[in-house]
Amino acid sequence: MTTDLGLPDNIQACLFDLDGVVTKTAVVHAAAWKETFDAFLRQRQGADAEPFSDDDYDQYVDGRPRADGVRTFLASRSIHLPEGSPDDPPDAQTVHGLGNRKNELLLEKIRTQGVEPYDGTLRYIEAVRAKGLRTAIVSSSANTLDVLKSIDAEHLFDVRIDGVVAVQRGLPGKPRPDTFLAAAADLGIEAAGAAVFEDALAGMDAGRAGRFGYVVGVDRVGQTDALYAHGADRVVKDLAELGGQA
């Protein structure tokens, strides 16, 4: 049985990823990662270095905490860097230095390009809340609160588990389910009573690993089959497809 929200009737809470689900920032993240890694690879391996690709982004970086994305991608190229520390400068040849370089580029792109929401998602969240379901934002980004404020959407979420909160609580990031599980717990809902909304393959893995009641994949880039393969119960191009009237 599904409700007019397109969800099983036992779902009591909805857990939303930010980039690519609520906001049109996934493409900005991808561009910042590409600029960061391509420059690093050219410096390390020369002009013939294989550039960072869309597939690299999907497989190794998308949805993961920043430092995990650096480690996972570099491991795919058999490159090892020292960890460094979270306050490393962006030109440091360390895991955290590369991550901070990416974040510096991301914030610059957000400042110059702005942030846009997916209107279909905002309408869907309003409909979800109008039906009495609880809502949470679950993102690996440390910039989540600023982004939500920039689109006047902070009030749409009862709970926020983001990169800042994850560090404070020692929660491993996606593809581990811990951040989603923490959001459900903060809402007072069992995982089986919560739905996960994600566009990243790592997010699908987290939804499956956490045994959530429903996992919705949001396909913005033509990866429907991969989203299903990684655990989606349903894949949509826009949350408006699920129905719901606020």
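Now for a look at the structure at hand.

Cut-offs and rules
- Residues numbered from 1 in each chain as written.
- Predicted model: local features only at pLDDT ≥ 70, side-chain atom pairs only at ≥ 80, totals over all residues.
- Heavy atoms only, no water.
- 1 Å grid on protein atoms, 1.4 Å probe; cavity = no way out; pocket = protein on both sides within 12 Å on 5 of 7 lines; lining within 4 Å.
- Points joined across faces, edges and corners; volume = space filled by probe spheres on them.
- Helix = DSSP H or I, 4+ residues; strand = E, 2+ residues; numbered from the N terminus.
- Nonpolar A, V, L, I, M, F, W, Y, C, P; charged D, E, K, R; others polar.
- Buried < 20%, exposed > 50% of the residue type's maximum accessible area, 1.4 Å probe, protein only.
- Contact = heavy atoms within 4.5 Å.

1. A look at empty space enclosed by the protein
- The tally for this structure, following the rule as stated, stands at one cavity of 30 Å³ or more.
- Space inside the largest cavity adds up to approximately 240 Å³.
- Taken together, 23 residues line the largest cavity, and the ones lying closest to its centre are D19, H29, R64, S140 and S141.
- Among the elements of the structure, α1 (26-45), α2 (54-61) and α4 (95-113) are those that each provide at least two residues to the lining of the largest cavity.
- The greatest single-element share of the lining of the largest cavity, amounting to three residues, is contributed by α4.
- Tallied by class, the residues present in the lining of the largest cavity amount to seven nonpolar, seven polar and nine charged.

2. A few points about helix α9 (residues 201-209)
- Taken as a whole, α9 has its buried residues at L201, A202, G203, M204, A206 and G207.
- At its buried positions, α9 is contacted by α2, α8 (178-187), β4 (194-198), β5 (214-218) and α10 (224-229).
- R211 sits one or two positions beyond α9 and adopts a positive phi of about 55°.

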